[in-house]
Amino acid sequence: MTAEGLDDDGFIAREGSLSRVPEEFTPVVDAARALIAETFGDDRLHSAYLYGSIPRGTAIPAVSDLDLLLALHREPTRADRADADALEASLDASFGQIDGVGVLLFGTGTLLSDLERHDLGWFVACLCTPLLGDDLAAALPRYRPTPLLARETNGDLGLALPRWREQYAADATDARRRRLSRAVARRLVRSGLTLVMPRWGGWTSDLTRSAEVFARYYPERAAQMYLAAATARTPTADPAVLGTLIDDLAPWLAAEYTAVHGHKTPRP
């Protein structure tokens with residue numbers, strides 16, 4: 001694999017592996033595998049995946065969260081979501097190594113659809129590590145860091161701004177604002193990287209590296225992107241930081257993204 005996250009043929013290399021899971025998180029992953037199988041069973045579950053810092057080997061005990069994606073044979077129902085919520089709560093309460101659990105639910109029809117080929121499909125094929133079942137990546141193409149991929153992954157950033165502003169303006173606790181700061185900061189860093197990804201010609205999920213790459217092309221916004229990368233790793237309830245990210249960096253980035261790559265294909 002090259003330094004730019006590509007394989008020898010120039011395609012984005014799958015970044016995670018069960019062999020990279022840090023020893024401290026092995027019991028968490030083992031428990032997640034067992035609980036997913038027990039909760040959803042073969043009748044509902046096609047496959048399950050890890051993503052994020054744990055399969056990349058960069059997770060920090062008591063700071064990092066556990067990220068999971070479950071591919072179901074059919075589209076998720078409210079009952080499926082309720083079971084996923086219970087699974088999140090159980091794992092989060094059982095392990096001090098993790099600070100939160102997130103479970104994404106999708107039907108295989110959605111993940112393999114033409115509409116999601118360069119968004120959720122790419123996500124599964126390149127950013128997700130198989131945990132249970134048959135790997136859907138076998139039915140997906142290989143991906144290069146193209147403008148199409150940039151558009152379809154984060155070309156809808158502007159749609160998130162009203163929701164972030166509403167949450168920021170709400171009378172929230174410090175804990176809720178820290179969660180918001182992490183979610184906003186992660187999205188901004190990822191979007192900053194994919195904005196310049198075709199020009200750079202590579203891929204990385206490392207937040208600091210992403211900010212560094214972005215800064216090469218937009219030095220006037222480098223300080224704000226480094227702030228976003230730091231906040232994504234160490235969330236804060238500081239109103240000044242949230243204000244900078246939500247009211248300044250985010251709207252500028254959304255506008256620049258649209259100008260460079262256009263809008264993401266609308267979803268139903």
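Heads up: the structure comes first, above all this text.
Read on for an overview of the structure. (Residues numbered from 1 in each chain as written. Predicted model: local features only at pLDDT ≥ 70, side-chain atom pairs only at ≥ 80, totals over all residues. Heavy atoms only, no water.)

**Digging into the pattern of salt bridges**
By the definition in use, this model includes 19 salt bridges. Among the salt bridges present, the one from Arg186 reaches Asp65, with a minimum N-O distance of 3.1 Å. Here Arg186 is found in helix 8 (residues 174-200), whereas its partner Asp65 is found in the loop between helix 2 (53-56) and strand 2 (66-72), with 121 residues between them in sequence. Judged by relative accessible area, which is 9%, Asp65 ranks as buried. One salt bridge connects Asp80 with Arg74, and the closest N-O pair in it is separated by 2.8 Å. The class of Asp80 is buried, set by a relative accessible area of 1%. According to the relative accessible area criterion, Arg74 is partly exposed, its value standing at 41%. What you see here is one network of salt bridges that share partners, running through Arg44, Arg74, Asp80 and Asp83. (Salt bridge = Lys/Arg side-chain N within 4 Å of Asp/Glu carboxyl O. Helix = DSSP H or I, 4+ residues; strand = E, 2+ residues; numbered from the N terminus. Buried < 20%, exposed > 50% of the residue type's maximum accessible area, 1.4 Å probe, protein only.)

**Observations regarding the environment of Gly201**
Tracing the backbone through its elements, the reader meets Gly201 in the loop between helix 8 and helix 9 (207-217). Residues Gly201 and Pro145, 56 residues apart in the sequence, show an inter-C-alpha distance of 6.0 Å. Leave out the neighbours within four places in its chain, and Gly201 touches Glu4, Leu6 and Pro145. (Contact = heavy atoms within 4.5 Å.)

**A few points about the state of the cysteines**
If you walk through the whole model with that rule in mind, you get zero disulfides. Free cysteine Cys126: the closest other cysteine sulfur is in Cys128, separated by 9.6 Å. (Disulfide = S-S within 2.5 Å.)

**Points about the sheet that holds strand 3 (residues 101-107)**
Read from one edge of the open sheet, four strands run 3-2-1-4, paired in mixed fashion. In this open sheet, the two strands that pair with only one neighbour each are strand 3 and strand 4 (128-133). Sheet twist, expressed as the average angle between the axes of neighbouring strands with direction ignored, equals 25°. Of the strand pairs in this sheet, strand 2 and strand 3 are connected by seven bridges, and their pairing is parallel. (Pairing = 2+ DSSP bridges. Axes fitted to C-alpha atoms, helices over the stretch in contact; angles between N-to-C directions.)

**Some remarks on helix 5 (residues 120-127)**
Where burial is concerned, most of helix 5 is hidden: eight out of the eight residues are buried. By the burial criterion, the buried members of helix 5 are Leu120, Gly121, Trp122, Phe123, Val124, Ala125, Cys126 and Leu127. Looking at the packing, one finds that the buried side of helix 5 touches strand 1 (45-51), strand 2, strand 3, helix 4 (108-111), strand 4 and helix 6 (147-154).

**Examining the nonpolar core**
Within the largest apolar cluster, 56 residues are counted, with the highest numbers of intra-cluster contacts made by Trp122, Trp164 and Leu188. Beyond its immediate chain neighbours, meaning those up to four positions away, Trp164 contacts Leu157, Leu180, Val184, Arg187, Leu188, Ile246 and Ala250. (Core = buried A, V, L, I, M, F, W, Y, C linked by side-chain atoms within 4.5 Å.)

**A short note on the packing of aromatic side chains**
Applying the stated rule across the entire model yields five aromatic pairs. Ring plane angle 85° and centroid distance 5.1 Å describe the contact between Trp122 and Trp203, whose orientation is recorded as edge-to-face. Of this pair, Trp122 sits in helix 5 while Trp203 sits in the loop between helix 8 and helix 9, and the two are 81 residues apart along the sequence. Accessibility classification places Trp122 together with Trp203 in one group, the buried group. Measuring from centroid to centroid gives 5.2 Å for Phe214 and Tyr218, while their planes differ by 20°, and the two rings are stacked. Three or more aromatic residues joined by ring pairs make a cluster, and in this case those are Phe214, Tyr218 and Trp252. (Phe/Tyr/Trp six-rings, centres within 6.5 Å; stacked < 30°, edge-to-face > 60°.)

**Re the packing of helix 8 against helix 11 (residues 239-261)**
Running from amino to carboxyl end, helix 8 crosses helix 11 at an angle of 30°, the nearest separation of the two axes being 10 Å. One element, helix 8, and the other, helix 11, form an angle in the roughly parallel class. Relative to helix 11, the crossing made by helix 8 is left-handed. On helix 11, the residues that touch Arg177, Leu180, Ser181, Val184, Ala185, Leu188, Ser191, Gly192, Thr194, Leu195 and Pro198 of helix 8 are Pro239, Leu242, Leu245, Ile246, Leu249, Ala250, Leu253, Glu256, Tyr257, Val260 and His261. Of the residues contributing to the contact of helix 8 with helix 11, the split by class is 15 nonpolar, five polar and two charged. (Parallel < 35°, antiparallel > 145°, perpendicular 65-115°, else oblique. Left-handed = near helix turned anticlockwise from the far one by under 90°. Nonpolar A, V, L, I, M, F, W, Y, C, P; charged D, E, K, R; others polar.)

**Looking at helix 11**
For the α-helix, the turn length of 3.6 residues means that residues three or four positions removed from each other point alike. Taking 1.5 Å of rise per residue, the 23 residues of helix 11 would be expected to cover 33 Å, and the 31 Å separating its terminal C-alpha atoms lies within 8% of that figure. The sharpest bend along helix 11 reaches about 35° and sits at Leu249, with the proline Pro251 one to four residues further on. Taken together, the buried positions of helix 11 are occupied by Val241, Leu242, Gly243, Leu245, Ile246, Leu249, Ala250, Trp252, Leu253, Ala254, Tyr257 and His261. Between the side-chain oxygen of the N-cap and the backbone nitrogen of Ala240 there are 2.9 Å, and the N-cap of helix 11 in question is Asp238. (Expected span 1.5 Å × (residues − 1). Bend = angle between axes of the 7 residues up to and from the residue. Polar contact = N/O pair within 3.5 Å; in protein donor to acceptor, adjacent residues only side chain to side chain.)

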